[in-house]
Amino acid sequence: MNKWLITFWRCGLAFVLLLTIVETGFNEEAQKPPLSEETEQCFECHSVYTPGVVEDWLTSRHAMITPETALKNSALERRISSETVEANLRNVVVGCYECHALNAEQHKDNFEHLGFQINTIVSPNDCKVCHPVEAREYSESKKAYALSNLRENPVYSALVETIISLKKAEAGKVIPLQASDATKHETCYACHGTEVMVTGTTEIATDLGDISVPTLTNWPNQGVGRINPDGSRGACTACHPRHSFSIEIARKPYTCSQCHLQPDVPAWDVYKESKHGNIFFSKAYDWNWSNVPWKIGKDFKAPTCASCHNSLVTTPEDEVILPRTHDFNARLWVRLFGLIYSHPQPKRGDTYNIKNADGLPLPTTFTGNSAAEYLINAEEQAKRESQVKKLCKACHSTTWVNRHFEKIDNTIDETDGMTLAATNLLSEAWKQGYADNSNPFDELIEQEWIKQWLFYANSIRYASAMTGAPDYATFKLGWWELTHNLQKMQHLMLNKDSGKLKREQK
Amino acid sequence: MNKWLITFWRCGLAFVLLLTIVETGFNEEAQKPPLSEETEQCFECHSVYTPGVVEDWLTSRHAMITPETALKNSALERRISSETVEANLRNVVVGCYECHALNAEQHKDNFEHLGFQINTIVSPNDCKVCHPVEAREYSESKKAYALSNLRENPVYSALVETIISLKKAEAGKVIPLQASDATKHETCYACHGTEVMVTGTTEIATDLGDISVPTLTNWPNQGVGRINPDGSRGACTACHPRHSFSIEIARKPYTCSQCHLQPDVPAWDVYKESKHGNIFFSKAYDWNWSNVPWKIGKDFKAPTCASCHNSLVTTPEDEVILPRTHDFNARLWVRLFGLIYSHPQPKRGDTYNIKNADGLPLPTTFTGNSAAEYLINAEEQAKRESQVKKLCKACHSTTWVNRHFEKIDNTIDETDGMTLAATNLLSEAWKQGYADNSNPFDELIEQEWIKQWLFYANSIRYASAMTGAPDYATFKLGWWELTHNLQKMQHLMLNKDSGKLKREQK
Amino acid sequence: MNKWLITFWRCGLAFVLLLTIVETGFNEEAQKPPLSEETEQCFECHSVYTPGVVEDWLTSRHAMITPETALKNSALERRISSETVEANLRNVVVGCYECHALNAEQHKDNFEHLGFQINTIVSPNDCKVCHPVEAREYSESKKAYALSNLRENPVYSALVETIISLKKAEAGKVIPLQASDATKHETCYACHGTEVMVTGTTEIATDLGDISVPTLTNWPNQGVGRINPDGSRGACTACHPRHSFSIEIARKPYTCSQCHLQPDVPAWDVYKESKHGNIFFSKAYDWNWSNVPWKIGKDFKAPTCASCHNSLVTTPEDEVILPRTHDFNARLWVRLFGLIYSHPQPKRGDTYNIKNADGLPLPTTFTGNSAAEYLINAEEQAKRESQVKKLCKACHSTTWVNRHFEKIDNTIDETDGMTLAATNLLSEAWKQGYADNSNPFDELIEQEWIKQWLFYANSIRYASAMTGAPDYATFKLGWWELTHNLQKMQHLMLNKDSGKLKREQK
């Protein structure tokens, strides 16, 4: 080609490039989607008094497109799961009023606020207007029952009460008092959720003068199993905080890690020490955290919690590898978090209805027999396992993947065996009267036993499942501790003075 | 508008855009601010021999603008707190010589260096030339007294000596020897600071040949309470390292976390596990870490250590929410770090002058009575608490905030109660002769007691204050350990063999 | 200059700028380097079936330039250490087939795969084709012998077996069973490497139908001392994962941290809490992680693992400070990881051939005498220490650096002293029959002793070496634990019931 012709062609290209940039700027301005009149009024005060919330919202997808526009996306790209959205919400962005005024009649926390009827707490039942599939999946999952499963299960409640109750000491003896609501909310219930109730109305002093607001008990709380004033279960903000409703934050493992971490459920801790974690920390700045669908290899190069447990993941060519789910158990076949032993996943989210062979609401007995009728069967297990393997195979060979999962099976057997060894030592202590099993959680040797299954055996299983964290599984909270702990328990037995029965016999 | 007209207009715009880019490039070159002659000479060697330092400085604000220019900023935007800067410093950037030659007469570490009189250590008293407000605030704070408060307090010194002294064992008995200076500097004093003294002159071999330099003891050290050769207290580089003097680094919680972390002051650890930490880790790449003033919601979307404890924070509209302070206690009403119990903040930075009811230099007695006259009163506490609440309210409702702070109060009461239970067990052990209170820190049961207040009770209070880290407060170093530890102490009592008295009686 | 002239000149400049951008775009397309025919065929299936691998590779340097082009770089900039590359590999990029078909005759894992002869595992011996210097350096280092050093050393093997063997409990006694291969692979061997062997052929079901693949034992594994089916030692992917072969990932400390972390080798943990770590976390996003050579001050502003231990580091002016090495011991003069005491680095990578004065394959005796003839001498130590100091001096004064290293020497002495105190207590227990030294690792008091040197003394030495982590060295896993642990051991002695001998005598 003639040299001048090339230059001319290039100038043209450059010009078009410039035009595109400028045009995009123009159109963005022009296309700014409309706020509802109500939300505009919210902003008048709240951009002054709670600017953090407003600025956060401004960065959200909710602030940028209307449901009408969102519905135009292809099925794979869509982040809204309703097929239609009612007229009054369809053509405005999802602002303050659009969420905080929904389903007012069901909200015991609804109150008159400067001319508007406002709900304090937006619940999954409200989000359901645009996200019905997610709300339904979630509502039947273990997460939605996280509070109930703790509170309605007398065994777990006894553990909670034993650990977090205030104690006093008199004449060298420890005397347990009661656990307070506030401490429950700052410990177990912070992840599991509280039951938020409306008990009246409070006058509060604000910069705008006194206003009346609902009196909420057990609040603030963002636990995944929160029971809301409208009767629904869950808090979407637990993972999509707070007014950015960010898919990026929800996909980043920092979010899951708030609750799933050492010493009891060290998913985050072993991920950090895995090769997947290594790659995540090194390259995450370079990945696309917001793309829907999430394209393996293209958008992200190593799995995070979300990619394995709930995201819609496709190949770069839009072949679906795994569909989206907000039931975080749906892809799981085995429950690594041993209560007391690992076991097939429960069939239903409300696990407090389980009854084992000893009549206790536990998925296994103290000696490891599983309450099979409440748990998924081998066929369902196989189905779920093969689902997850599909994801692994996008980067790993079939042999690699099969061998990895074989190792998990062995790890489960051996760690359950190490728990059984500890249980046998404890049973002997109970039998010989060196400890008293009326409360199986309150004496020294009993607490060593708890560590065996709640901290150490769990840790090793998580490390195994996430193909990494070998040091964690060896020394940190793994085999070293499992083995050392048996020596400690044996020592307490030999010293024959680890419990209250013995003490009282003196 | 005519289509061609639009295109024409756009072309014009693109052209102007281009011009601006080019012009900026030009002017930056033209405006490069001048180095002093002395600093230019420093660079001749140091860009060859310590290029890391020079490159670091080149990225600093000190390298980019002169005090003269800095003084032109509006009051809110200004990072320099002097109203004027003396003539010889005003119109050059803040280079090597500008800092390392200040106040030479006060510097015992001043030495002749290739024709210049140079101070090895730049101290807060030198930084004061441009930053007098910060230097003054800091100099009266607990941080400035961090070394003295440890070294001049016989109780704390005994704890230090007991923990870090070398020990030997003979015939099954542990015999404490002395703690070395080097080990003090690598443990407690690394955060608290050392006293750097000049004891003479040393000839050292360098790539440039032998040179004479001051002989410094207890060096290097960047502890916050360092006592400098010019008599001043503190090390600005502890938080603004090292020659970039970065406000970004100081604002990032990684800086504070060097000293404020588990197991004794786990501020960083509980922040990491909080929702604020979750948002920080997920989105920090997207925030403006250098803006002054720091605009809540706009520059950052979740608080870090700095935003609550010392930064100048405004709304996006430049309304001041909290003014800047370099007295890191100034906004605090309660001291969570229980020594031995939590208590109102001390009135002054030099806490070794406190005397409690037992005559010990501690803010509370071993049974929890506070040395009230040395501590701020309820009115001052209320004032400070309401200050911090202003920040919370930029994102949270008044009810949310009030309820949060109510929970902290309860947590303080309960964790102090759990410490008291442990103290009662220990008192019983002392009374019955199973341990010897001549040194309250050196026997097994005494060390279990230390863990109760120094590790576990503290952890729970930090977790409560930062509205998160529930797993930390439950299992990691929280209620689980508080409860388990009481069982351990009780077990030691029952086994009646935890201390030296008993041993000697044999 | 005339104002119009300037404007005119600027327009010209802008135009040239635009041309350059456009031209670059063109040429990149034009210069896309060629794939081999074989690799193109690999892609046909693998971009569908393992898209994650393919996408990862596409981001790699291997995908972007041919060896021919790589060889044209200057010596300092070159990442390829062979002086020539054979013709059939020289002019295509380094794709699937280029690596997975090398040296087929040596590969017991070679198999016929849809018309090609493919090796499952690419080994250091294959990478050697382009990277011979790195492969040779690595092959003689401790890393290459990481598996053998564990497996062929009966003392270390006994420790492994004691910790990770399954146990059962009967009648209050713990009974050790055997350690499984799977658990070895998920704990110790995950870092140290496995011996991957080919035991036959397996038919596996894939999405493409059944295919035959080699049956590999002890696989998958990426440990640094892996013994490969071709007889070579090591796994380059341990640090350059997985098909991006990233120098960025290898340089980031997240990679090293997978194996070098608490509680036994807490290099990562103390780095995180050091000032260097503080700067890394705050500013790493801003550094150049891929530049070769790596320019101190310019590309990075605080050291990471790689900068001190193996990278080619230069000044911004290309003066070499330290040459590249893939023998990760080459710059080390002392081994902080106390086995059982710290000691000069071993002369050779195969440490299982060491014999100490007691005839054990350990670098020191249980009382601290070093097996000097197997360890480097003082002269070699001094040489290596002065090498590393060169790096420190790029940012720190000579005095600063000297004083830092003096402190390490003291720390080594004191922590070895604290280990000796624990050893003396244990010896006394053995002597008096309260424990049985036939296996020195399996009883309670023996395990407390292990913690003294494997967890606590090590931690303090790492913290000292990395000039930071004072809280770690004080309370986390440092002096507090060293001191507390001696009290625990003494208590077990007094209670005289810590071992099996005593038990059996009853």
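Quick caveat: nothing in here was measured; it's all calculated off a predicted structure. (Residues numbered from 1 in each chain as written. Chains lettered and ligands numbered in written order. Predicted model: local features only at pLDDT ≥ 70, side-chain atom pairs only at ≥ 80, totals over all residues. Heavy atoms only, no water.)

1. Examining the nonpolar core
Here is step 1 of the chain: Grouped together as the largest cluster of nonpolar side chains are 190 residues, with contacts concentrated most on Trp449(A), Trp449(B) and Trp449(C).
Here is step 2 of the chain: Residues contacting Trp449(C), with those up to four places away along its chain left out, are Ile340(C), Phe366(C), Ala422(C), Thr423(C), Leu426(C), Pro440(C), Phe441(C) and Met489(C).
Here is step 3 of the chain: One finds Ile249(A), Tyr271(B), Ala302(B) and Ile249(C) within the second-largest nonpolar core, a separate group that totals 63 residues. (Core = buried A, V, L, I, M, F, W, Y, C linked by side-chain atoms within 4.5 Å. Buried < 20%, exposed > 50% of the residue type's maximum accessible area, 1.4 Å probe, protein only. Contact = heavy atoms within 4.5 Å.)

2. Remarks on unusual backbone geometry
Residues and elements named next belong to chain B.
Here is step 1 of the chain: In the segment running from Trp219 into Pro220, the intervening peptide bond is cis, with an omega of 0°.
Here is step 2 of the chain: Of note in this structure, Asn103 is not a glycine but carries a positive phi near 50°.
Here is step 3 of the chain: Inspection of the secondary structure assignment puts Asn103 in the loop between α6 (96-100) and β1 (110-113). (Helix = DSSP H or I, 4+ residues; strand = E, 2+ residues; numbered from the N terminus.)

3. Details of the pairing of strand β2 (residues 116-119) of chain A
Here is step 1 of the chain: In this sheet, β2(A) lies alongside strand β1 (residues 110-113) of chain A in antiparallel orientation, the contact comprising four bridges. Within β2(A), the position partnered with Phe111(A) by the bridge is Ile118(A). (Pairing = 2+ DSSP bridges.)

4. Quick word on the state of the cysteines
Here is step 1 of the chain: Inspection of the entire model under this criterion finds three disulfides over all chains.
Here is step 2 of the chain: Note that Cys191(A) is cross-linked by a disulfide to Cys259(A), the S-S spacing being 2.3 Å. In this structure the cystine formed by Cys191(A) and Cys259(A) twists about its S-S bond by roughly -100°; its chirality is therefore left-handed. Of the two residues, Cys191(A) is situated in helix α12 (residues 188-192) and Cys259(A) in the loop between α14 (253-256) and α15 (267-272); the sequence distance between them amounts to 68 residues.
Here is step 3 of the chain: For Cys259(A), a relative accessible area of 25% puts it in the partly exposed group.
Here is step 4 of the chain: The closest cysteine sulfur to the non-disulfide-bonded Cys99(B) is located on Cys127(B), 6.5 Å from its own sulfur.
Here is step 5 of the chain: Distance from the sulfur of Cys256(C), which forms no disulfide, to the nearest cysteine sulfur (Cys305(C)) is 3.8 Å.
Here is step 6 of the chain: Relative accessible area serves as the criterion here: at 24%, Cys256(C) is assigned to the partly exposed category. (Disulfide = S-S within 2.5 Å.)

5. Things to note about a nonpolar patch on the surface
Residues and elements named next belong to chain A.
Here is step 1 of the chain: A surface patch of nonpolar side chains, about 380 Å² in accessible area, is lined by Val48, Tyr49, Leu114 and Leu208.
Here is step 2 of the chain: Counting through the fold element by element, Leu208 comes out in the loop between β5 (197-206) and β6 (209-217).
Here is step 3 of the chain: Overall, Leu208 belongs to the partly exposed group, its relative accessible area being 48%. (Patch = residues over 30% accessible without salt bridge, like charges linked within 9 Å, V, L, I, M, F, W, Y side chains within 5 Å. Areas by Shrake-Rupley, 256 points an atom, 1.4 Å probe, with all protein chains shown as cover. Salt bridge = Lys/Arg side-chain N within 4 Å of Asp/Glu carboxyl O.)

6. Some remarks on the interface of chain A and chain B
Here is step 1 of the chain: With 75 residues of chain A in contact, the opposing surface of chain B contributes 60 residues.
Here is step 2 of the chain: Summing the contributions of chain A and of chain B, the shared interface buries around 6100 Å²; its carbon and sulfur component is 61%.
Here is step 3 of the chain: Among the residues of chain A in contact with chain B, Ile163(A), Glu186(A) and Gln258(A) are the three that bury the most area, contributing 11% of the side total.
Here is step 4 of the chain: Between the two partners, chain A and chain B, sit two salt bridges.
Here is step 5 of the chain: The closest approach of N and O atoms between Glu248(A) and Lys283(B), which form a salt bridge, is 2.9 Å.
Here is step 6 of the chain: Counting across the interface, chain A meets chain B through 24 residue pairs in polar contact (both at pLDDT 80 or more). (Buried area = accessible area lost by both parts, 1.4 Å probe. Polar contact = N/O pair within 3.5 Å; in protein donor to acceptor, adjacent residues only side chain to side chain.)

7. Examining the relation of the copies chain A and chain B
Here is step 1 of the chain: Of the two same-sequence chains, chain A is brought onto chain B (RMSD 0.0 Å, axial shift 0.0 Å) by a rotation of 120°. Taken together, the rotation angle and the small translation identify this as a three-fold axis.
Here is step 2 of the chain: Interface residue correspondence from chain A to chain B reaches only 3%, placing this contact among heterologous pairings that use different surfaces. (Least-squares fit on C-alpha atoms with pLDDT ≥ 70 in both.)

8. As for the relation of the copies chain A and chain C
Here is step 1 of the chain: The transform that puts chain A on chain C rotates by 120° and translates by 0.0 Å along the axis, for an RMSD of 0.0 Å.
Here is step 2 of the chain: Of all interface residues in chain A, a mere 3% are interface residues in chain C too; the two copies therefore contact each other through different surfaces.

9. Brief notes about the interface of chain A and chain C
Here is step 1 of the chain: Each partner contributes to the interface: chain A provides 61 residues, whereas chain C provides 75 residues.
Here is step 2 of the chain: Together chain A and chain C conceal approximately 6100 Å² of surface at their shared face, both sides included; 62% is due to carbon and sulfur atoms.
Here is step 3 of the chain: For the pair chain A and chain C, the number of links is two salt bridges.
Here is step 4 of the chain: In this structure, Lys298(A) engages Glu55(C) in a salt bridge whose closest nitrogen and oxygen atoms are separated by 3.9 Å.
Here is step 5 of the chain: The interface formed by chain A and chain C includes 24 residue pairs in polar contact (both at pLDDT 80 or more).
Here is step 6 of the chain: Counting residues per element, the ones that place at least two in the side of chain A that touches chain C are α1 (3-31), α16 (275-283), α19 (398-431), α21 (470-476) and α22 (479-495) of chain A.
Here is step 7 of the chain: In terms of residues, the side of chain A that touches chain C owes the most to one element, α19(A), which gives 16 residues.
Here is step 8 of the chain: Split into classes, the residues belonging to the side of chain A that touches chain C amount to 25 nonpolar, 21 polar and 15 charged. (Nonpolar A, V, L, I, M, F, W, Y, C, P; charged D, E, K, R; others polar.)

10. What about the domain arrangement of chain A?
Residues and elements named next belong to chain A.
Here is step 1 of the chain: Partitioning chain A into structural domains gives domain 1 (105-238) and domain 2 (259-505).
Here is step 2 of the chain: Centre-to-centre, using C-alpha coordinates, domain 1 lies 27 Å away from domain 2.
Here is step 3 of the chain: Taken together, the 19 residues of domain 1 in the interface contact 25 residues of domain 2.
Here is step 4 of the chain: Across the interface of domain 1 and domain 2, roughly 2000 Å² is buried in total on both sides, 65% from carbon and sulfur atoms.
Here is step 5 of the chain: Its largest share of buried area at the contact with domain 2, domain 1 owes to Lys142, Val155 and Tyr156, together 29% of the area lost on that side.
Here is step 6 of the chain: In this structure, the connection of domain 1 to domain 2 is made through eight residue pairs in polar contact (both at pLDDT 80 or more).
Here is step 7 of the chain: Looking at the side of domain 1 that touches domain 2, the elements with two or more residues in it are α8 (132-139), α9 (146-151) and α10 (154-164).
Here is step 8 of the chain: If you tally residues by element for the side of domain 1 that touches domain 2, the top one is α10, at six residues. (Domains from an automatic or database assignment.)

11. Examining the packing of α22(A) against helix α10 (residues 154-164) of chain C
Here is step 1 of the chain: It is at 7 Å that the axes of α22(A) and α10(C) come closest, and there the two elements cross at 75°. Taken together, the axes of α22(A) and α10(C) are roughly perpendicular relative to one another. Here Trp479(A), Trp480(A) and Thr483(A) of α22(A) lie close against α10(C), whose contacting residues are Thr162(C), Ile163(C) and Ile164(C).
Here is step 2 of the chain: Residue classes in the contact of α22(A) with α10(C) are distributed as four nonpolar, two polar and no charged. (Axes fitted to C-alpha atoms, helices over the stretch in contact; angles between N-to-C directions. Parallel < 35°, antiparallel > 145°, perpendicular 65-115°, else oblique.)

12. Here we look at the packing of aromatic side chains
Here is step 1 of the chain: Following the criterion strictly, the structure yields 66 aromatic pairs over all chains and no others.
Here is step 2 of the chain: Here Trp289(A) and Trp294(A) contribute two aromatic rings whose centre-to-centre distance is 5.6 Å and whose plane-to-plane angle is 50°, an arrangement assigned as tilted.
Here is step 3 of the chain: Between Phe366(A) and Trp449(A), the aromatic rings sit 5.3 Å apart at their centres with planes inclined by 40°, giving tilted as the arrangement. Linking Phe366(A) in the loop between β11 (343-344) and α18 (378-392) with Trp449(A) in helix α20 (residues 444-465), this pair joins segments that are 83 residues apart in sequence.
Here is step 4 of the chain: The buried category is assigned to Trp449(A), whose relative accessible area is 0%.
Here is step 5 of the chain: The ring of Trp400(B) is capped by Arg242(A), whose NZ or CZ atom sits 4.7 Å from the centre of that ring. (Phe/Tyr/Trp six-rings, centres within 6.5 Å; stacked < 30°, edge-to-face > 60°. Lys NZ or Arg CZ within 6 Å of the ring centre and 35° of its normal.)

13. Things to note about the sheet that holds strand β9 (residues 320-322) of chain C
All names here are of chain C.
Here is step 1 of the chain: Taken together, three strands build an open sheet; the order of strands is β7-β8-β9 and the sheet is mixed. Taken across any chain shown, the strands that pair with only one partner, and hence form the sheet edges, are β7 (294-295) and β9.
Here is step 2 of the chain: Of the strand pairs in this sheet, strand β8 (residues 313-314) and β9 are connected by two bridges, and their pairing is antiparallel. Opposite Thr314, over in β9, you have Val320 as the bridge partner.
Here is step 3 of the chain: Its contacts with the sheet place helix α18 (residues 378-392) against β8 and β9, and it is angled at close to 125° to β9.

14. Structural notes on the packing of helix α18 (residues 378-392) of chain B against helix α19 (residues 398-431) of chain B
Residue and element names in this part refer to chain B.
Here is step 1 of the chain: One can describe the packing of α18 onto α19 by two numbers: an axis separation of 10 Å at closest approach and a directional angle of 130°. It follows that α18 is oblique to α19 by the angle criterion. Crossing handedness for the pair α18 and α19: right-handed. Where α18 abuts α19, its residues Glu385, Val388, Lys389 and Cys392 lie against Val401, Asn402 and Phe405.
Here is step 2 of the chain: Class assignment for the residues of the contact of α18 with α19 results in four nonpolar, one polar and two charged. (Left-handed = near helix turned anticlockwise from the far one by under 90°.)

15. Let's talk about the environment of Lys167(A)
All names here are of chain A.
Here is step 1 of the chain: Relative to the helices and strands, Lys167 is located in strand β3 (residues 167-170).
Here is step 2 of the chain: Considered as a pair, Lys167 and Glu112 are 55 residues apart in the sequence and their alpha carbons are 44 Å apart.
Here is step 3 of the chain: Separated by 2.7 Å, the side chain of Lys167 and the backbone oxygen of Thr162 make a polar contact.
Here is step 4 of the chain: Within the structure, Lys167 has its side chain in polar contact with the backbone oxygen of Ile163 (distance 3.2 Å).

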